[in-house]
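Chains, contacts and geometry: an overview
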Amino acid sequence: MVRRALITGGAGFLGSHLAERLLEDGCEVICMDNLLTGTIDNIVHLLGQDGFTFVKQDVTQFIHVAGPLDFILHFASPASPIDYLELPIQTLKVGSLGTHKALGLAKEKGARFLLASTSETYGDPQVHPQPETYWGNVNPVGPRGVYDEAKRFAEAMTMAYHRYHGVETRIVRIFNTYGPRMRLDDGRALPAFMGQALRGESMTVFGDGSQTRSFCYVDDLVTGILTLLNSDEAEPTNIGNPGEFTILQFAEKVRELCGSKSDIVHQPLPVDDPKVRRPDISKAQRVLGWEPKIQLEEGLKLTLPYFQERVRADNA
Ligand code: UDP
């Protein structure tokens, strides 16, 4: 029997890659998105493909899907610091009301539910690297609080549906991920640096650039998420690449790969910007037998052609 999956946020960066992989695996995919931060450009190659349907809908409203559903992957949310600063109420609503609606649908359909959570649930961490057992250090009233707290609420809601209603649930805590289809203007480090390097503009490193991040290539992340989906693990699981770099090192790597002569300028560090971040993936290795395969230089090379094309299109 063909399995059917609903992906909320299916026209976003991660949603569209998941849709592609599930279709390849022989699944039917219903992609739901209100196109607030997602775009049809990400799924245009899937429209008209057998087994793929797009529905434009805001998941904070009642969700109706006709027919059976085996999986619901809840990926709808603004997810870059610039986006959730510009869309604070929508971010809170999709994490809370949207998660409630998507869980209600999972209960109704007897579908397995997977929540896209985030390393932001650890806030500015005081434990390094971050294991799933760490409860985090989040400022609820700072500018990032709208995203961090919405996702923490979404995790709590997911566990409640699991424990109280017996819904089969999975929670992935996603660490920084990059690859084709990130929006050039979403303000994240990778699109900002690649865009700036390719245009020969100054590269904007926030603070002194000593803060660290650990970057996972999107194909590795998708494999990890689908492995988790097919496992029995209901407790949150980190998926990410533990290779850790300072943001200054990261900017320099991007500049070198782009063959760019851009200079690096420093700008103020955003409020509550985490000083360090690196996933402890020992649980994913142990329980899922998963670990990332694509290291930063290779992943950046795989990503470059996409941004070269975006910058060309912008200039035209
Ligand atoms: N960053 C930067 N310059 C930029 C964009 C981001 O130095 O133009 C920094 C940002 O302050 C953070 C890191 O890069 O320390 C990663 O930022 P991103 O927005 O990609 O994700 P975050 O991990 O903060 O959610």
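A few points on the structure. From a predicted model like this one, the values you see are computed outputs, not experimental measurements.

1. Focus: the site of the ligand
Of all residues adjacent to the ligand, which total 18 residues, the nearest are T204, F206, R213, D273 and R277. Note that a nitrogen atom of the ligand is positioned 2.5 Å from one of the backbone N or O atoms of T204. Here R277 contributes a side-chain N or O atom positioned 2.8 Å from an oxygen atom of the ligand. Taken by itself the ligand offers 520 Å² of open surface, and the protein chains cover 94% of this. Looking at the shell around the ligand, the elements with two or more residues in it are α5 (189-199) and β8 (203-206). Of the residues contributing to the shell around the ligand, the split by class is eight nonpolar, four polar and six charged.

2. A few points about the packing of α5 against helix α7 (residues 247-257)
Interaxial distance between α5 and α7 falls to 9 Å at its minimum, and their mutual angle equals 40°. With respect to α7, the axis of α5 lies oblique. Note on packing geometry: the crossing formed by α5 with α7 is right-handed. Contacts between α5 and α7 pair A189, L190, F193, M194 and A197 from the former with I247, F250, A251, V254, R255 and L257 from the latter. Residue composition of the contact of α5 with α7, by class: 10 nonpolar, no polar and one charged.

3. Examining helix α6 (residues 218-229)
The end-to-end C-alpha distance of α6 is 16 Å, a good match for the 16 Å that 12 residues give at a rise of 1.5 Å each. Of all 12 residues in α6, nine are buried, a share of seventy percent or more. Residues V218, D220, L221, V222, G224, I225, L226, L228 and L229 constitute the buried set of α6.

4. Notes on the packing of aromatic side chains
Per the counting criterion, the structure on display carries seven aromatic pairs. Between F215 and F250, the aromatic rings sit 3.9 Å apart at their centres with planes inclined by 10°, giving stacked as the arrangement. Separated by 35 residues along the polypeptide, F215 in the loop between β9 (212-214) and β10 (216-217) and F250 in helix α7 bring together distant segments of the chain. Taken individually, F215 and F250 each receive the classification buried, so the pair is uniform in this respect.

5. Points about the sheet that holds strand β5 (residues 112-118)
Taken in spatial order, the seven strands line up as β3-β2-β1-β4-β5-β6-β11 in an open sheet, and their pairing is parallel. Of all the strands in the sheet, the pair left with one neighbour each is β3 (52-56) and β11 (237-239). Across this sheet, the average inter-strand angle for adjacent strands is 20°, counted without regard to direction. Summarising the sheet, β5 and strand β6 (residues 169-174) pair through six bridges and their orientation is parallel. When the sheet's bridge partners are listed, T118 is paired in β6 with I174. The strands touched by helix α3 (residues 88-109) are β1 (4-8), β4 (71-74), β5 and β6; relative to β4, the strand with the most contacts, the crossing angle is about 175°. On top of the sheet, helix α4 (residues 145-165) reaches β5 and β6; it is set at about 155° to β5, its chief contact.

6. Some details on the layout of surface pockets
By rolling a water-sized probe across the atoms, one finds the places where empty space is left. One number sums up the size of the second largest pocket: a volume of about 310 Å³. Lining the second largest pocket are 16 residues, and of these E132, W135, E155, R173 and P236 lie nearest its centre. If you list the elements that add at least two residues to the lining of the second largest pocket, you get α4 and β6. Looking at the lining of the second largest pocket element by element, the count peaks at five residues for α4. Here the lining of the second largest pocket is built from residues that sort into seven nonpolar, two polar and seven charged.

7. Looking at the nonpolar core
By size, the foremost hydrophobic cluster in this structure holds 58 residues, and its most contacted members are L73, F75, L190 and V254. Ranked by the residues each element gives to this core, the list is headed by α6, at seven residues. Among the nonpolar cores identified, the runner-up in size contains 23 residues, and I72, A76, F113 and L115 belong to it.

8. Considerations on the environment of H266
Structurally, the position occupied by H266 is in strand β13 (residues 264-267). Sequence separation between H266 and T204 is 62 residues, and the spatial gap between their C-alpha atoms is 5.7 Å. With residues near it in sequence (within four places) discarded, H266 still touches V205, G207, D208, G209 and L248. Among the polar contacts made by the side chain of H266, one reaches the main-chain carbonyl oxygen of G207 at a distance of 2.7 Å.

9. Some words on unusual backbone geometry
A cis geometry characterises the amide bond from H128 onward to P129, with omega recorded as -10°. Checked against the element boundaries, P129 lands in the loop between β5 and α4. Phi at L35 takes a positive value of approximately 60°, unusual for a residue other than glycine. By the element assignment, L35 lies in the loop between β2 (28-33) and β3. Judged by relative accessible area, L35 falls into the partly exposed class, the value being 24%. Non-glycine residue D272 carries a positive phi angle of around 65°. Among the secondary structure elements, D272 is positioned in the loop between β13 and α8 (282-288).

Cut-offs and rules
- Residues numbered from 1 in each chain as written.
- Predicted model: local features only at pLDDT ≥ 70, side-chain atom pairs only at ≥ 80, totals over all residues.
- Heavy atoms only, no water.
- Near = heavy atom within 4 Å.
- Polar contact = N/O pair within 3.5 Å; in protein donor to acceptor, adjacent residues only side chain to side chain.
- Areas by Shrake-Rupley, 256 points an atom, 1.4 Å probe, with all protein chains shown as cover.
- Helix = DSSP H or I, 4+ residues; strand = E, 2+ residues; numbered from the N terminus.
- Nonpolar A, V, L, I, M, F, W, Y, C, P; charged D, E, K, R; others polar.
- Axes fitted to C-alpha atoms, helices over the stretch in contact; angles between N-to-C directions.
- Parallel < 35°, antiparallel > 145°, perpendicular 65-115°, else oblique.
- Left-handed = near helix turned anticlockwise from the far one by under 90°.
- Contact = heavy atoms within 4.5 Å.
- Expected span 1.5 Å × (residues − 1).
- Buried < 20%, exposed > 50% of the residue type's maximum accessible area, 1.4 Å probe, protein only.
- Phe/Tyr/Trp six-rings, centres within 6.5 Å; stacked < 30°, edge-to-face > 60°.
- Pairing = 2+ DSSP bridges.
- 1 Å grid on protein atoms, 1.4 Å probe; cavity = no way out; pocket = protein on both sides within 12 Å on 5 of 7 lines; lining within 4 Å.
- Points joined across faces, edges and corners; volume = space filled by probe spheres on them.
- Core = buried A, V, L, I, M, F, W, Y, C linked by side-chain atoms within 4.5 Å.

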